[in-house]
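Structural overview
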Amino acid sequence: MIMKKIITFLIILILAFPVGVSAAEKYISIDPYPFSTHVLGEDLVIYGKTNIAYVNIGLYYPDIPGFYGYAKYIMTISAKELREGYSIPTDALSDRWPEGTWKVIVQSGTTVDELYIPMTAQPSYNRYFRIAEYASDTLVNVKTYLCRGIEKKNGVLKITLEDGTEIRIFSWNNLAPSTKGTTQLFIATYENGYMTDVKTYKGNLVKHGNHVRLNINEGSDRLEIFCWEENLIPVN
């Protein structure tokens, strides 16, 4: 009798919690593409996250006459390859590699995510990267740079300008990379691979929506970093 009661109780538990106890919900999430356009002829690197061991990644033509969104490239890759950045080779502008908005799809069964990427023959420097400094809540200095976008890799933000100059931004706390809280923020300028200038700031690092903010002196002094498209739309 006691055994029957135990079995009945276990069956009730199983019926009440049929899935969530043993398995996490499947997901795929592709990271936003860091540049305004991809340059044909360069490798297209796609980053993302998934809890599925293996997924299919596909590159699809623009939806234009002669191509109509057909598949150009499909490969099965591991979750680790997607997390570390999977590289898809592209060729220079040609009849088989047209300019336009291409699509990347990462899928496993009904679990899917997609990303639309404009591809052009030449790089497009149409995003505005701004560093604004405030003292006593008053704007005292602002620098604006024209770039393709912000590349995030290994905790470092890298911005490449049209003349080849690189700006790298990174933060450290107790000799370890830091993305929030008390930190030391470095903004370094590189030319031809050599550091030509570096500025250091100390404060509390936070992210507000589409920009990064370093609060200094309880926020009355601060540093704010933005990236905008030409039409004043913030870029994540």
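Residues numbered from 1 in each chain as written. Predicted model: local features only at pLDDT ≥ 70, side-chain atom pairs only at ≥ 80, totals over all residues. Heavy atoms only, no water.

**Topic: the nonpolar core**
Counting 25 residues, the largest nonpolar core has Leu 44, Ile 46, Ile 57, Leu 59 and Val 104 as the members making the most contacts within it. The residues contacting Val 104, other than those within four sequence positions of it, are Ile 30, Leu 44, Ile 46, Ile 57, Gly 58, Leu 59, Asp 113, Glu 114, Leu 115 and Ile 117. (Core = buried A, V, L, I, M, F, W, Y, C linked by side-chain atoms within 4.5 Å. Buried < 20%, exposed > 50% of the residue type's maximum accessible area, 1.4 Å probe, protein only. Contact = heavy atoms within 4.5 Å.)

**Quick look at the side chain of Ser 36**
Counting through the fold element by element, Ser 36 comes out in the loop between strand S1 (28-30) and strand S2 (38-39). In terms of polar contacts, Ser 36 uses its side chain to reach the side chain of Asn 126, at 2.7 Å. When sequence neighbours within four positions are dropped, the list of residues in contact with Ser 36 reads Pro 118, Ser 124, Asn 126, Arg 127 and Arg 148. (Helix = DSSP H or I, 4+ residues; strand = E, 2+ residues; numbered from the N terminus. Polar contact = N/O pair within 3.5 Å; in protein donor to acceptor, adjacent residues only side chain to side chain.)

**With respect to the state of the cysteines**
Evaluated as defined, the whole model comprises zero disulfides. Looking at the unpaired Cys 147, the closest cysteine sulfur is the one in Cys 227, lying at 4.9 Å. (Disulfide = S-S within 2.5 Å.)

**With respect to the packing of aromatic side chains**
Applying the stated rule across the entire model yields six aromatic pairs. Here Tyr 61 and Trp 102 contribute two aromatic rings whose centre-to-centre distance is 4.9 Å and whose plane-to-plane angle is 40 degrees, an arrangement assigned as tilted. In this pair, Tyr 61 sits in the loop between strand S5 (54-60) and strand S6 (71-78) while Trp 102 sits in strand S8 (residues 100-108), placing the two residues 41 residues apart along the sequence. You can call Tyr 61 buried: its relative accessible area is 13%. On the numbers, 5.2 Å between centres and 20 degrees between planes, the contact of Trp 97 with Trp 102 is stacked. (Phe/Tyr/Trp six-rings, centres within 6.5 Å; stacked < 30°, edge-to-face > 60°.)

**Here we look at the pairing of strand S13 (residues 156-160)**
Direction of pairing for strand S12 (residues 151-153) relative to S13: antiparallel, over a ladder of three bridges. The residue of S13 that forms the bridge with Lys 153 is Val 156. The antiparallel pairing of S12 with S13 creates a hairpin that spans two residues between the two strands, and Asn 154 there sits at a positive phi of about 55 degrees. Pairing of S13 with strand S14 (residues 166-173), which is carried by four bridges, proceeds in the antiparallel orientation. Following the sheet pairing, Lys 158 is matched in S14 by Arg 168. Where S13 hands over to S14, the hairpin turn is made up of five residues, of which Gly 164 adopts a positive phi near 95 degrees. (Pairing = 2+ DSSP bridges.)

**Some words on unusual backbone geometry**
Even without a glycine there, the phi angle at Ser 136 is positive, about 55 degrees. In this structure, Asn 192 takes a positive phi of about 55 degrees despite not being glycine. Inspection of the secondary structure assignment puts Asn 192 in the loop between strand S16 (181-191) and strand S17 (194-208). Since its relative accessible area comes to 75%, Asn 192 is described here as exposed.

**Quick look at the confidence of the model for the protein chain**
Per-residue confidence for the protein chain averages 87 on the pLDDT scale, and 86% of its residues sit at or above 70. Of all secondary-structure elements in the protein chain, the lowest mean pLDDT belongs to helix H1 (residues 2-16), at 53, while S5 reaches the highest, 98. (pLDDT = per-residue confidence, 0-100.)

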